[in-house]
Amino acid sequence: MSPTGTTGPTGTAVRRYVVIGAGGVGAALAAGLTDAGLDVVLVSRGATLGVVRERGLRFTHAGRTRVLDVPVAGGPDEVGLRAGDVLVLATKSQDAAATLPRWAWAARTDGGVGADLPLVLLQNGLETERVALRCFPTVVGGVALIAARHVVTGEVDVANAPRLGEVVLGAYPSATAPPAARAVAEQVATDLDRAGWLAQPVTDIERWLAWKLVASVTFAVGVLSGDDDERARLRTDLAAEARAVLAAAGRDLADAARELTHDRTLAAVAPSAAHGSGQQSPWQAFARGAGSEVDFLNGEVALLGRLHGVPTPLNHALQTVLGRSAAQGEGPGVHSVGDVRTLAG
């Protein structure tokens, strides 16, 4: 299928989603948007692009496996950006800084550039939104909650059901974002609700990004060896450090139990799913040899601790242990909870 866009009967641009990143989140977005009859292009790169072009992207949800029938492109030149496009960045946080300029300064078919288009972000951590504002005036921050397993290149399995997952969207920065960004957040939430997600627009996305960070700093514990009790205690302690530095930075946390208005059981994860047993995105990245997001999760806590004078020994130790491990190309389970505790002192 061709990745180029179309126009409506009056010559106006038809809204099209350009989903950049074909991992767990990107594949689930593309699947849902396509099923809802919305115009979507999925952008991939490297080995994943080669596999998807050769045999398609295998997508499993609610026990059904299929090859996604969606246009696939390798970059902005193949997409042919145009007015009406909504860029959705679904890469990992560590890849955002290098990816965004390619799209910001790509020429559009109508004479503009990519930076004139709205940009929706779905990364963990607090950094990507700030980086994006260097190039993009219209930025929507997002928090995606999905149990997506991406261990084999070109294959994604989503364990949430019956909905694909949950997403919270809001204009960034909340206090000063242009009205266009707020409108985009509301429209994208409406479209994603049609596309099989539980989607909610909010007016204070920073609180949600901070809330997700507290959870995200625990994800990499699954990469470590250790018994369940050791891992549980480390997760609790890592999250406590994150809350302490966020409080020192003046960052409020959202209260998901009180503030999410949808029925979260509609995106429940089966208790037996491997996705919920510690094999979250950092574990999957180490299993694929795909690098580490830890610098933007536990490293974000370490950064805030240094800026605000709050000790973060455990987050720094976990970042150090796994940073070295990723640099050496090691897989999951090489290092232990005890290694982190020892380094933290």
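Residues numbered from 1 in each chain as written. Predicted model: local features only at pLDDT ≥ 70, side-chain atom pairs only at ≥ 80, totals over all residues. Heavy atoms only, no water.

Observations concerning the overall build of the chain
Reasoning step 1: Along the backbone of the chain there are 13 helices and 14 strands.
Reasoning step 2: Over its C-alpha atoms the chain spans a radius of gyration of 20 Å, differing by no more than 12% from the 20 Å that the globule rule assigns to 345 residues.
Reasoning step 3: By its C-alpha atoms, the chain is 65 × 45 × 40 Å across when sized along the principal axes.
Reasoning step 4: Pairs at least 24 residues apart make up 73% of the contacts formed inside the chain by residues separated by at least 6 positions.
Reasoning step 5: For the chain, the accessible area works out to roughly 14,300 Å², and carbon and sulfur atoms hold 52% of it.
Reasoning step 6: Averaged over its 31 positive side-chain charges, the chain has a centre that lies 1 Å from the centre of its 35 negative ones. (Helix = DSSP H or I, 4+ residues; strand = E, 2+ residues; numbered from the N terminus. Rg over C-alpha atoms; globule rule 2.2 N^0.38 Å. Contact = heavy atoms within 4.5 Å. Areas by Shrake-Rupley, 256 points an atom, 1.4 Å probe, with all protein chains shown as cover. Lys, Arg positive; Asp, Glu negative; His and termini not counted. Charge placed at Lys NZ, Arg CZ, Asp CG, Glu CD.)

Side note on the nonpolar core
Reasoning step 1: Judged by nonpolar contacts, the single largest core of 63 residues is most densely connected at Leu87, Trp103, Phe136, Trp208 and Leu322.
Reasoning step 2: Other than its neighbours up to four places away in sequence, Phe136 contacts Leu87, Leu100, Trp103, Ala104, Gly114, Ala115, Leu117 and Leu119. (Core = buried A, V, L, I, M, F, W, Y, C linked by side-chain atoms within 4.5 Å. Buried < 20%, exposed > 50% of the residue type's maximum accessible area, 1.4 Å probe, protein only.)

Observations regarding the packing of aromatic side chains
Reasoning step 1: Summed over the entire model, instances satisfying the criterion amount to one aromatic pair.
Reasoning step 2: Ring centres of Trp208 and Trp211 lie 5.5 Å apart, and the angle between their planes is 75°; this geometry places the pair in the edge-to-face category. You can see Trp208 and its partner Trp211 sitting in helix H7 (residues 205-216), three residues apart, about one turn around the helix. (Phe/Tyr/Trp six-rings, centres within 6.5 Å; stacked < 30°, edge-to-face > 60°.)

What about the pattern of salt bridges?
Where charged atoms from two side chains of opposite charge come close, those side chains can pair.
Reasoning step 1: Going through the model one piece at a time under the given rule, you end up with 20 salt bridges.
Reasoning step 2: A salt bridge links Arg108 to Asp110; its shortest N-O distance comes to 2.6 Å.
Reasoning step 3: Of the residues examined, Asp110 reaches a relative accessible area of 42% and is grouped as partly exposed.
Reasoning step 4: As a salt-bridge pair, Asp237 and Arg341 come within 2.9 Å of each other at their nearest N and O atoms. With Asp237 in helix H8 (residues 228-248) and Arg341 in helix H13 (residues 337-344), this pair connects stretches of sequence that are 104 residues apart.
Reasoning step 5: With relative accessibility at 28%, the residue Asp237 sits in the partly exposed group.
Reasoning step 6: Here the salt bridges do not stand alone but share partners, grouping Asp204, Arg207, Asp255, Arg258 and Glu259 into one network. (Salt bridge = Lys/Arg side-chain N within 4 Å of Asp/Glu carboxyl O.)

Looking at helix H10 (residues 281-288)
Residue pairs spaced three or four apart in an α-helix point in one direction, given the helix's 3.6 residues per turn.
Reasoning step 1: For H10, a buried count of six out of eight residues is recorded, marking the element as mostly surrounded by other parts of the structure.
Reasoning step 2: Within H10, the full set of buried residues consists of Ser281, Pro282, Trp283, Gln284, Ala285 and Phe286.
Reasoning step 3: Contact partners of the buried residues in H10: strand S9 (148-149) and helix H12 (313-327).
Reasoning step 4: Downstream of H10 by one or two residues, Gly289 has phi in the positive range, about 70°.

Examining the pairing of strand S12 (residues 166-172)
Reasoning step 1: Counting buried residues in S12 gives seven out of seven residues, a clear majority hidden from the surface.
Reasoning step 2: Bridge analysis of strand S8 (residues 139-145) against S12 gives seven bridges, and the strand direction is antiparallel. Residue pairing for S12: Leu145 is matched across the bridge by Glu166.
Reasoning step 3: In this sheet, strand S13 (residues 198-201) lies alongside S12 in parallel orientation, the contact comprising four bridges. When the bridges of S13 are listed, Glu166 appears paired with Leu198.
Reasoning step 4: Note on the crossover from S12 through helix H6 (residues 179-194) to S13: the handedness is right-handed. (Pairing = 2+ DSSP bridges. Right-handed = clockwise from strand over helix to strand, strands pointing away.)

Some points on the packing of H8 against H12
Reasoning step 1: Interaxial distance between H8 and H12 falls to 8 Å at its minimum, and their mutual angle equals 115°. Taking contact as the criterion, the partners of Leu234, Asp237, Leu238, Glu241 and Ala242 in H8 are, on H12, Pro313, Leu314, Asn315 and Leu318.
Reasoning step 2: Partitioning the contact of H8 with H12 into residue classes produces six nonpolar, one polar and two charged. (Axes fitted to C-alpha atoms, helices over the stretch in contact; angles between N-to-C directions. Nonpolar A, V, L, I, M, F, W, Y, C, P; charged D, E, K, R; others polar.)

Some thoughts on the sheet that holds strand S6 (residues 85-89)
Note: strands within a sheet are paired through backbone hydrogen bonds, in either parallel or antiparallel orientation.
Reasoning step 1: Taken together, the eight strands give an open sheet; going across it, the order is S5-S2-S1-S6-S7-S8-S12-S13, and neighbouring strands pair in mixed fashion. A strand with exactly one partner marks an edge of an open sheet, and here the two such strands are strand S5 (72-73) and S13.
Reasoning step 2: Each of strand S1 (16-20), S6, strand S7 (119-121), S8, S12 and S13 is contacted by H6, which is oriented at about 165° to S12, the strand it contacts most.

Structural notes on the pairing of strand S10 (residues 155-158)
Reasoning step 1: With burial as the criterion, only one face of S10 is covered, namely that bearing Val156 and Val158; the residues Glu155 and Asp157 on the opposite face remain uncovered.
Reasoning step 2: Of the strand pairs in this sheet, strand S3 (residues 58-61) and S10 are connected by four bridges, and their pairing is parallel. Residue pairing in the sheet places His61 in a bridge with Val158 of S10.
Reasoning step 3: As paired strands, S9 and S10 are joined by two bridges and run antiparallel to one another. When the bridges of S10 are listed, Ala148 appears paired with Val158.

Quick look at the sheet that holds S10
Reasoning step 1: Within the open sheet, the four strands sit side by side as S4-S3-S10-S9. Their pairing is mixed. At either end of the open sheet lies a strand with only one pairing partner, and these are strand S4 (64-67) and S9.

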